[in-house]
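A closer look at the structure
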Amino acid sequence: MTRRLLSLALLASLTGVALAQSLTVYSGRGEALVQPLIERFTAETGIEVHVRYGGTAELAVLILEEGRGSPADVFWGQDAGALGALSLAGRLTPLPDDLTAGLPGIYTSRGGLWLATSGRARVLAYSPERTAGDAWPDSAFDLTDPAYRGRVAWAPTNGSFQAFVTAMRVVHGEEATEAWLRGMIANDVQAYRNNTTQVEAIAAGEVDYALVNNYYLLRFLANDPDYPVGQGFFADGDIGNLVNVAGAGIVNTSRNVAAAERFLAFLLEPASQAYFTNVVYEYPVVPGAQPNEALASFEALLAASPDVDLDVLEDLEGTLELLREVGLL
Amino acid sequence: MASLTWARRARRLPWFVLIPAIVAGIGTLVPIVYLVLRAFEADLETLQRLLWRERTWTLLVNTLSLTAGVLVLSTLMAVPLAWLTVRSDLRWKRFVTVLAVVPLAIPGYVVAYALISLGGVNGFLSQLFGAVVPRPSGYWGAVAALSLYTYPYLFLNVRAALLGLDPSLEESARSLGHGSRAVTWRVVLPQLRPALLAGWLVIALYVLGDFGVVALMRYEAFSYAIYLQYSSAFDRTYAALLSLVLLGLTLLIVGTEGRLLGRRRYARVGSGAQRAVVMTRLRRWAPLAYGYVASVLLAALGLPFLVLGSWLVLAPPDLAAWRSVAEAFVRTASVAAPAALVTALAAMPIAYLAARVRLRGSRLIERLAYLGYAIPPVSLALAMVFFSLRAVPWLYQTATLLITAYVISFLALAIGPIRSALLQVPPRLEEAARSLGRRPFVAFFETTFPLIRRPVVAGTALVLMVAMKELPLTFLLAPTGFTTLSVRGFTRTSEGMMAEAAPFALAIVLFSSLFVGLLVSYEGKR
């Protein structure tokens, strides 16, 4: 009897510790990617992590709807837009400087409210077979040329594409962006739902070029080395090479800020970074992580990427307005 | 005066009908109240500007023509199948019935992917037969994909009605000199009307709310626009406004159905037992019938399995993967099964009210239930978040809340078959039992219930299957860390790992098929 009571007391104290040291993460990143990391984090720190998986946007909207009652400590999303929406709504808590200090400019939010955990570059995917005679375009702006008529795919409803348009508006202005969008439409650009379907459309022979994120093709190639699609950057600094990010922030209603900070720091460790690049073919955000050979080097990426502050990607509303105006949404 | 009569007649309704119906009605009002609150956060001018855009009309026209297309195609698939499996001498009827229902359990994205993977240079048709056909997309792609997995709703409804249809009616018509075509048009089809309407209603409302397929097929419908508002603008106001427009559309459709259904009588009035069915001999039509059954099943089942199979071959799952499938299955069943039971229990009184009680407003709750079904799941989930955190915070992110959301969302699915069956059961049976001194509750369970048992089970099964594959409500409302089969599948497809998601999709389909098999064998036993 006494022994049972003792063990109950022990159990209670143990769970008490576990409760104090637990963390709730709302993750728009998939379970297959996240779970192994979580297990390693818990093994290293003893902090128990509860993860709610879902769509990045839906989870961000969920945090907005939950208001002060939100059980979330960390939001981990697949694009800057969702993080921007949360920080605009005042739902993210400022991060300590030492977390963001080591990150290159393309990987930090100027407001210091969230940080990138990995990068995805925009690239031009192409069919090596059907584009053999073409000259490689220097810029996304070249794609309005009649030579590309009906041969290019984009995904106007896709978040990564919209982030790219937002960046174009900031760097080149509303007028130039609108002219480019209208030029592309006039050039019979083909609309798809997302990156994967665009890459498949090239393989299926429907289009010859596609404006996509860098990692989808690499996954196809991992399964089938003869997959008939290639990809490359535009000239260095072109807006077509925008680097968008997956990133994380700490929710302002979190009561476990210390554990949350520790989790973000963990995501930036070289081992975690190497894991991202090797499993999902994304770019590391800190130098020194073991590179994936299928990716361009960290230095090449920094050279190719245009100089855009990720905070500007928050102005999605303006982009949607523009996309509606030209009839794409 | 009229209201006095109403009150008196309402008081005569038994409590076991009134109370559950009212509770369910209030439940379905919750999301509507939320949408109104959110939509009117914006000022009137903004609302008008957002609403009176050309795009709203384009979306409206697109959505309606998509709905019409899916209704036609799914009817062409469902009605002949139902007749063949109930009234003809087709062989392997039970087996065909099971196979015909299974597509319901296939996640929509798998069906859409299956169709898309047919065409193109790298598609199945090109790899298997060397034939390069364009990949289906747009209107026709969406119509085909949606029909391929929604036709079982109609199939189940029509089948239940055919099973409950007393052949003596047809015999009388024949003895009065009608040919078989006239019997079909003048006796069978009018009797099937409630079932057809219930099936069409459920399919039409499904099409209104689905965004997965229209998104993959690149077809711009209303639901897709709503989804875009949440997903790329994080705009709950405009999304709520669009959802309300969608609900207006739903009301229109539900109202039309109500008017078409009317207040006819479908029940037998004679005494004695129902006559046994004589199966129609197919004779020279047999090859055509078998060919038809085979082609429908190949399209609805063969294609998705081809895709799932090719994903499985691409990345064969290891033992650990199957173990995690089993764990996820147990979790999924632990919420889907209670949801199915509660839904059936709530659906019975609502269907009873709608079919039996001639009172103003007695169909109101049924219509509310259909609204619950047509609300886009993201909006419904946010409504549950909004209300539970304010009213019952201890219920937030619990299985109870998730099950409640399932019930609100799927109530309409269970009501359809039960209502059709209730319309065929003569009310005088129950009246006789009451006049013999049985209390109302006992009278219902001793007379009417045994006759509607099969549709009740069918409705429960329908809800179970749909709840098993439900995604948006689940990932927004489930307890944190509670990952169901569909969530596990989704969290792989969202990282582009289609092959890794295959075992989870396959598990949903297999477990659901198992259940349909049990159901159909139960139906055979009576």
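Residues numbered from 1 in each chain as written. Chains lettered and ligands numbered in written order. Predicted model: local features only at pLDDT ≥ 70, side-chain atom pairs only at ≥ 80, totals over all residues.

Observations concerning the overall build of chain B
For chain B, the count of helices and strands is 23 helices and zero strands. Considering chain B as a whole, with its 526 residues, one finds that 52% of them fall into the buried category. Look at the contacts in chain B between residues 6 or more apart in sequence, and 82% of them connect residues 24 or more apart. (Helix = DSSP H or I, 4+ residues; strand = E, 2+ residues; numbered from the N terminus. Buried ≥ 20, exposed ≤ 12 C-beta atoms within 10 Å, placed from the backbone. Contact = placed C-beta atoms within 7 Å.)

So, the overall build of chain A
Helix and strand content of chain A: 13 helices and ten strands. In summary, chain A has a C-alpha radius of gyration of 22 Å against a globular reference of 20 Å for 329 residues, a match within 12%. Principal-axis analysis of the C-alpha atoms places the extent of chain A at approximately 85 × 40 × 30 Å. Taking all 329 residues of chain A together, 53% fall into the buried category. Considering only intrachain contacts with a sequence separation of at least 6, the fraction spanning at least 24 residues in chain A is 74%. (Rg over C-alpha atoms; globule rule 2.2 N^0.38 Å.)

Quick notes on the environment of A:Tyr283
All names here are of chain A. As for its placement among the helices and strands, Tyr283 is situated in the loop between helix H11 (270–280) and helix H12 (298–304). For the pair Tyr283 and Leu23, spaced 260 residues apart in sequence, the C-alpha separation works out to 26 Å. The contact partners of Tyr283, leaving out residues within four places of it in the chain, are Ser118, Gly119, Ala121, Thr277, Leu295, Phe298 and Leu301.

Some thoughts on the packing of helix H18 (residues 399–424) of chain B against helix H20 (residues 440–469) of chain B
All names here are of chain B. At a closest axis distance of 8 Å, the pairing of H18 and H20 adopts a crossing angle of 155°. Accordingly, the angle class assigned to the pair H18 and H20 is roughly antiparallel. Note that H18 runs across H20; the crossing there is right-handed. Here Tyr406, Phe410, Leu413, Ala414, Pro417, Ile418, Ser420, Ala421 and Leu422 of H18 come into contact with H20, specifically with Ile452, Pro455, Val456, Ala458, Gly459, Thr460, Leu462, Val463, Val466 and Ala467. The residue inventory of the contact of H18 with H20, partitioned by class, reads 16 nonpolar, three polar and no charged. (Axes fitted to C-alpha atoms, helices over the stretch in contact; angles between N-to-C directions. Parallel < 35°, antiparallel > 145°, perpendicular 65-115°, else oblique. Left-handed = near helix turned anticlockwise from the far one by under 90°. Nonpolar A, V, L, I, M, F, W, Y, C, P; charged D, E, K, R; others polar.)

Considerations on helix H3 (residues 56–66) of chain A
All names here are of chain A. Burial runs high along H3: ten of the eleven residues are buried. Thr56, Ala57, Glu58, Leu59, Ala60, Val61, Leu62, Ile63, Glu65 and Glu66 are the residues of H3 that are buried. Of the residues trailing H3, Gly67 is marked for its positive phi of about 60°.

Some thoughts on helix H9 (residues 215–223) of chain A
When H9(A) is considered as a whole, its buried residues turn out to be A:Tyr215, A:Tyr216, A:Leu217 and A:Arg219. Packed against the buried residues of H9(A) are strand E5 (114–126), helix H8 (195–203), strand E8 (209–213), strand E9 (230–232) and H11 of chain A.

Points about the domain arrangement of chain A
In terms of domain boundaries, chain A breaks down into domain 1 (2–119 + 244–295) and domain 2 (121–242 + 315–325). Tallying the contact residues gives ten residues for domain 1 of chain A and ten residues for domain 2 of chain A. (Domains from an automatic or database assignment.)

Looking at the pairing of E8(A)
Residue and element names in this part refer to chain A. With five of its five residues buried, E8 lies for the most part within the structure. Across five bridges, E5 lies against E8 in antiparallel orientation. Residue pairing for E8: Val123 is matched across the bridge by Val212. Across two bridges, strand E6 (residues 152–154) lies against E8 in parallel orientation. Counterpart to Ala153 in the pairing with E8 is Ala210. (Pairing = 2+ DSSP bridges.)

Side note on the packing of helix H19 (residues 427–435) of chain B against H20(B)
Residues and elements named next belong to chain B. Put simply, H19 and H20 touch, their axes get as near as 9 Å, and they point 135° apart. Comparing their axes, H20 and H19 come out oblique. At the point where H19 passes H20, the crossing takes the right-handed sense. Here Leu429, Glu430, Ala433 and Arg434 of H19 lie close against H20, whose contacting residues are Pro440, Ala443, Phe444, Glu446, Thr447 and Thr448. Its residues assigned to classes, the contact of H19 with H20 shows five nonpolar, two polar and three charged.

Brief notes about the interface of chain A and chain B
Taken residue by residue, the interface counts 42 residues in chain A and 40 residues in chain B. For the side of chain A that touches chain B, the secondary structure elements donating two or more residues are helix H2 (31–45), strand E2 (48–53), H3, helix H6 (159–172), H8, H9 and helix H13 (316–325) of chain A. No other element matches the eight residues that H3(A) contributes to the side of chain A that touches chain B. When the residues that make up the side of chain A that touches chain B are grouped by side-chain class, the tally is 20 nonpolar, twelve polar and ten charged.

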